[in-house]
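Coordinate inspection notes
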Amino acid sequence: MNGMRWILAVIAVAVLACVPWFGSDVVVQFGISTLLLAVLAQGWNIIGGYAGYASFGNSTFFGLGAYGVAIAMVQWNMPFWVGMVFGAVMAVAFAVLLGLPVLRLKGHYFAIATLALAQVVAAIVSNIPLFGENIGLVLPPLNNDAMFYEMALALLVAATLTVWWLTRSRFGFGLIAIRENEEGAAVMGVNTTAYKVLAFALSGLFSALAGGIQAYWITFLDPASAFDISLNVKMIIMTVFGGPGTVLGPIVGAFVLSAISEVLSSEITSVASLFFGVVVVAAVVLMPRGLADVVRRFRKSGWHYFAENIRAHKL
Amino acid sequence: MPSKAISFSGLLAGVALALAITPASAKDIVLGASVQLTGSSANTGRYYKDAYEFAVEKINEAGGVKVGGEQMKLALKIYDNQSDVNLSVRQYTQLVSQDKVDFLLGPFASNFALADSAISEKYQIPMIQGGGASDQIFSRNFKYIFGTLAPASNYFGSTVEMLKGLDPAPQSVALLYADDAFDVSVADGTRKLLDDAGLKTVMDEKYSSNASDFNSLLSQIKSNGAEAVLVAGHETEILNFVRQAKSLAVAPKMYSFTVGVPSEDFRKALGADADYAYGMTAWLPSADNKDRWFGDAAQFADAYKKKFGYDPDYHAASGAADVEAFAQAIEDAGGTDPAKVRDAIAKLSFDSLYGKIAFAENGQIDLPQTVIQVQDGKVVDVYGANGVINKPKYPMPAWNAR
Amino acid sequence: MDLLAQILINGILLGGLYAIMALGLALVWGVLNIVNLSHGAFIMLGAYLSWYLYTWAGIDPFLGLPITAVLMFCLGYAVQRGLLNFVVRGPMFNTLLITFGLEVVLTYLAQLAFSADFRTINPSYAGNSIPFGPIVIPQARLMAFGIAILLTVAMWIFLLRTRLGRAIRATAQNLVAARLYGVDPRHLYAVTFGIGIGLAGVAGGLYGTVSQINPYIGATLTAKCFAIAIIGGLDSPLGVIVGGIVLGLIESLAILYVGATFGDVASFGVLVLVLILRPSGLLGKTT
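Everything numeric in this text was worked out from a predicted model, so none of it was measured. (Residues numbered from 1 in each chain as written. Chains lettered and ligands numbered in written order. Predicted model: local features only at pLDDT ≥ 70, side-chain atom pairs only at ≥ 80, totals over all residues. Heavy atoms only, no water.)

**Focus: helix H5 (residues 157-165) of chain B**
Taken residue by residue, H5(B) has B:Gly157, B:Ser158, B:Thr159, B:Val160, B:Met162 and B:Leu163 as its buried positions. Along its buried surface, H5(B) packs onto helix H6 (181-197), strand E10 (228-232), strand E11 (254-257), strand E12 (278-281), strand E17 (370-375) and strand E18 (378-384) of chain B. (Buried < 20%, exposed > 50% of the residue type's maximum accessible area, 1.4 Å probe, protein only. Helix = DSSP H or I, 4+ residues; strand = E, 2+ residues; numbered from the N terminus. Contact = heavy atoms within 4.5 Å.)

Structural data, given as structure tokens:
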């Protein structure tokens, strides 16, 4: 990125960082929620967008991170940051241990395997007293939304910088090679197993940290909400909508979809879930390559862009 | 890069939109709640919405709440949490910080109340909830949460008392419970009750909430010959339990459930198979419960049925009681200052359609449960605080002998 | 010993019900390579359809199964031609996403149409039990099991022995060649998907006689069906029966010997193991 873009980026971050001061309570809360979703989308981007392995199990890492914080604070009376470290360690360990066998699977088998992993972990957690079993844990309440907001923003910046670094590093090129032609990449000397596991672990790290912040902010956690599959689908949709395999795509997707969803759900709460389903369907049919692609090609093809997409993918 | 411009303008648009939504100021006292109107608990959640609306309407009809010489009306702001705990927590946060409601009414279910009460404590706005009975809600030294459901640990209290007096007394008891906050609380308390009563427990099993298959557990009951079966669970599970008990020809001498029996839908869904089932309720629509706004509980039940088309049960009565408690407390406190109203709630002691409303030190009401039984399709109270009311039909005959 | 025998019978009968639920999913996945995350929602719709036929028209749920099957077939055909066709040739996880979205929409519409109240399909014989020595066999489950075997064999014959079945398999394996032969792949895909949904409808009708139904049962049923389909293997309808019974037994035994909260741990744990060790399933051919 040239100097101009760096300046724009810094300005954008600075403006976002000032929101708690000139925005209302509701904006700050919307901000926290959206920033965390953007982090999750960015994390998924690493394994799904760059490496091409569509994981349906990132919600597992999110949940482990959340439980890390909850257990540390509620069961052991430790401070928040200890919980974050604990959660991150659990998630990364899980990513490495289970990533090794699961990353050998391809395509939809990988997706289903990660989905199944999420279910298994949720089922196991609901049987462990330390995790509060199926009742969950209630964290000590803290009334400081500004702090959560800045933490989420900082995490998003970290995640985005990591993805940006990815695009210019050997590791990142290796991932893209794996996505485009895994066998070819292996033949060329890329250690595909190590790269995939590392991508999975990085992805898990960011999801876990986001989970930790969310747990403390919402003050409540149980297996159903921690390992929620629809959260996973949300992060995928946001990345796909914004443009997978790009640095800013997930952020755009997260912000735009969250904004629309928020407006709808504060007026007509029950339609929000219907909206979510319809958006997913429409996005996949009309713009499977994401918003960035729409913007790029729309100038050339106009409304034909959507028809072309459909024609390209339909039977 | 055009996508950056889009993201930036998208963000600005979002910010502008949110800033533009300013809550309208009103002279009404606003009570906010996030209730299950859709989703898996919507069946019971709607009792609360209807009860809240009914109570607010009746209180306003009578002139509203008297605050310092002025008559102020009550207003409601209700969100649908789609039976999602996370969403309900966010909605309560929104009610307090964006909609700036004055006070909070509760959701249905203990796990919701457990989570949502963290919000009322965080922002120090009193919440009176009538949907959560789990002891955990009240054991955290929170000052701003109150509950009108009797403690979960004592739900089977009257039932166990009744068991001792049955003839022939059951020689063995099986305790089954779902793994959520309320049912675990019930089981913890029931274990102690059974111990104290000297009854032998031959089975003590926790099962996954929303389980649909009880064949394994029922086969075990048949095998260990438990004569009394106590189940703490959700309506959908208990429905499956009873139907599967019939299809496996499992008929203990008695079985009792924490939910289901008081509700019309449940009995209708089971039809004749509902007979002989025991349940409990802390509320009966009796004319003895006099009420300032509804006359008495019997009149409340009639008016409710006319307005909404279905019979109210203790959930609805509990919800109405919550609104009445606020009305009374606001009058006692002489204003809407949260801390003062909170103290006034803690000191409440008045009679209502729900019974006597008075909260213990930990914020929870204490009411005895009445044991009820389905007899020939009708709900009959069989055992209360003073012993047997009507004779229970005991023991339950084998399924093919009905 | 009696208890164990009863639990084993319970597990096997449960397996039959599971097999019917997963048969449609396995068919669509194995033949068309379409992973349908909304399969459970269609089972739910089938259950409601059965309920309405029983409550409004007095049609016995078992006798009404063919009607449910045909109506659900039409729905499935329409969904395939009108919606899923648009993403069939795109990246794989587009079908995962679109069917997920479809599940959300179907659940919402169902709740709007039928309300959140739970319902039961309760014909007079639904609670009957058949004693067999020291064991009791629930009649409804036994009938469901019988229907499962019947449908699985029928499906096997259809796919391997009939012209239409072979045409479907051929089309799925080689679209270009199929077109060259004048076959309209869209029609065949839609017919196959329709059959899959018709089977889901039948499963729903049966499910309603042994368990209560409400609009939200879709997601959990889908998850179960996945486990069954994968454990058994997608290559053959017989795999689904095996998968169903294996899962039914594992769950029932886990509940008996470990604890009633470990049913899901057992079923999904086995799923993960199968995926890692033998992804083609117990009866699938390893490539």
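**Overview of the sheet that holds strand E4 (residues 74-80) of chain B**
Residues and elements named next belong to chain B. Pairing within the open sheet is parallel, and its five strands lie in the order E4-E1-E5-E6-E7. Edge positions in the sheet fall to E4 and strand E7 (145-147), since each has one partner strand and no second. Taken over all neighbouring pairs, the strand axes of this sheet differ in orientation by 25 degrees on average, direction set aside. Examined bridge by bridge, strand E1 (residues 29-35) and strand E5 (residues 103-105) share two bridges and lie parallel to one another. Bridge pairing in E5 places Leu 31 opposite Phe 103. (Pairing = 2+ DSSP bridges. Axes fitted to C-alpha atoms, helices over the stretch in contact; angles between N-to-C directions.)

**Observations concerning the packing of aromatic side chains**
Considering all chains together, one arrives at 41 aromatic pairs over all chains under this definition. Centroid distance A:Phe80 to A:Tyr216: 5.0 Å. Interplanar angle 35 degrees. Geometry classified as tilted. Here the residue A:Phe80 occupies a position in helix H4 (residues 80-102), and A:Tyr216 occupies one in helix H9 (residues 192-218), the gap between them amounting to 136 residues. Comparing A:Phe80 with A:Tyr216, the two get one shared label, buried. Between C:Tyr48 and C:Phe114 the ring centres are 4.0 Å apart and the planes differ by 10 degrees, which places this aromatic pair in the stacked class. Of this pair, C:Tyr48 sits in helix H2 (residues 39-57) while C:Phe114 sits in helix H4 (residues 92-114); the two residues are 66 residues apart in sequence, bridging distant segments of the chain. The residues C:Tyr48 and C:Phe114 share a single accessibility class, namely buried. Through pairs of rings, three or more aromatic residues link up here, namely B:Tyr47, B:Phe54, B:Trp283, B:Phe294, B:Phe300, B:Tyr304, B:Phe308 and B:Tyr310. Over the ring of B:Tyr310 we find B:Arg46, and its NZ or CZ is 4.6 Å from the ring centre. (Phe/Tyr/Trp six-rings, centres within 6.5 Å; stacked < 30°, edge-to-face > 60°. Lys NZ or Arg CZ within 6 Å of the ring centre and 35° of its normal.)

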